[in-house]
Amino acid sequence: MKKLMLICCFLVGITAVSRAQGGMRMTAADRVKAMKESLKLTDDQVTKITAIYEGQTKQMDSLRNAGADRSAFRPMMQATNDKVKAVLTAEQAAAWQKEMDERRARMQNGGGAPPQK
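Residues numbered from 1 in each chain as written. Predicted model: local features only at pLDDT ≥ 70, side-chain atom pairs only at ≥ 80, totals over all residues. Heavy atoms only, no water.

How should I be thinking about the pattern of salt bridges in this particular structure?
Two side chains bearing opposite charge may form a pair once their charged atoms approach each other closely. All told, the structure shown has 4 salt bridges when counted by the stated rule. In this structure, Asp-44 and Lys-48 form a salt bridge, with 3.2 Å as the shortest nitrogen-oxygen distance. Taken together, the positions of Asp-44 and Lys-48, both in helix 3 (residues 43-65) and 4 residues apart, correspond to about one turn of that helix. Between Arg-104 and Asp-101 there is a salt bridge, with its nearest N and O atoms 3.3 Å apart. Taken together, the residues span about one helical turn, with Arg-104 and Asp-101 both in helix 5 (residues 90-108) at a distance of 3 residues. Owing to a relative accessible area of 43%, Arg-104 belongs among the partly exposed residues under this scheme. By relative accessible area, Asp-101 is classed as partly exposed at 38%. (Salt bridge = Lys/Arg side-chain N within 4 Å of Asp/Glu carboxyl O. Helix = DSSP H or I, 4+ residues; strand = E, 2+ residues; numbered from the N terminus. Buried < 20%, exposed > 50% of the residue type's maximum accessible area, 1.4 Å probe, protein only.)

Below, the structure is given as structure tokens:
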């Protein structure tokens, strides 16, 4: 009985760790949904930005599978951001850039969660 309980606890622990490690990546749809809410995107903008992020995901996956290092991703991410900004209005682009800067500052300070209000 003790062995069975030990095995169950071990499996639960492994599952929790694997979910925690894999839960950091947002899908293209999740990213666009968050942008739609915060930036009030139109349906046309949602369609275009979703296509941009899906293309980026495919490129990143192929680079990851090829064993590329982290520096290879930076130019691709910058190109994706430039494409997204081209779809946004000037006001949306400014608000989005502010969100990106705040997220970058949080990550540099060692945390990914937004500040508590």
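Hey, could you run me through the packing of helix 4 (residues 73-87) against helix 5 in this one?
Two numbers describe a pair of packed helices, the interaxial angle and the distance between the axes. Close contact between helix 4 and helix 5 brings their axes to 10 Å; oriented N to C, the two are set at 150°. If you check the angle between helix 4 and helix 5, you find them roughly antiparallel. For the pair helix 4 and helix 5, contact is made by Asn-81, Val-84 and Lys-85 and by Trp-96, Gln-97 and Met-100, respectively. For the contact of helix 4 with helix 5, the residue count by class is 3 nonpolar, 2 polar and 1 charged. (Axes fitted to C-alpha atoms, helices over the stretch in contact; angles between N-to-C directions. Parallel < 35°, antiparallel > 145°, perpendicular 65-115°, else oblique. Contact = heavy atoms within 4.5 Å. Nonpolar A, V, L, I, M, F, W, Y, C, P; charged D, E, K, R; others polar.)

Whenever I open this one, the nonpolar core confuses me. Can you help?
For soluble globular proteins, the rule of thumb is that nonpolar side chains tend to be buried together. One finds Met-35, Leu-41, Ile-49, Tyr-53, Val-84, Leu-88 and Trp-96 to be the most contacted residues of the largest nonpolar core, which totals 15 residues. Among the secondary structure elements, those contributing two or more residues to this core are helix 2 (28-39), helix 3, helix 4 and helix 5. Setting aside residues up to four positions removed in sequence, Met-35 forms contacts with Lys-40, Leu-41, Ile-49, Tyr-53, Val-84, Leu-88 and Trp-96. (Core = buried A, V, L, I, M, F, W, Y, C linked by side-chain atoms within 4.5 Å.)

What's the story with helix 4 in this structure? I'm lost.
Structural remark: α-helix, 3.6 residues per turn; residues separated by three or four positions point the same way. For helix 4, built from 15 residues, the straight-helix expectation of 21 Å at 1.5 Å per residue is met to within 8% by its first-to-last C-alpha distance of 22 Å. Inspection of helix 4 places Phe-73, Met-76, Thr-80, Asn-81, Val-84 and Val-87 among the buried residues, and these make up the whole buried set. Down the axis of helix 4, the smallest arc covering the buried residues is 140°, so these residues share one side. Relative to its buried face, helix 4 has exposed residues pointing more than 90 degrees away, namely Arg-74, Pro-75 and Ala-86. Looking at the buried side of helix 4, the elements it contacts are helix 2, helix 3 and helix 5. (Expected span 1.5 Å × (residues − 1). Arc of directions from axis to C-beta.)

Functional significance is not addressed by these values, which are geometric in nature.
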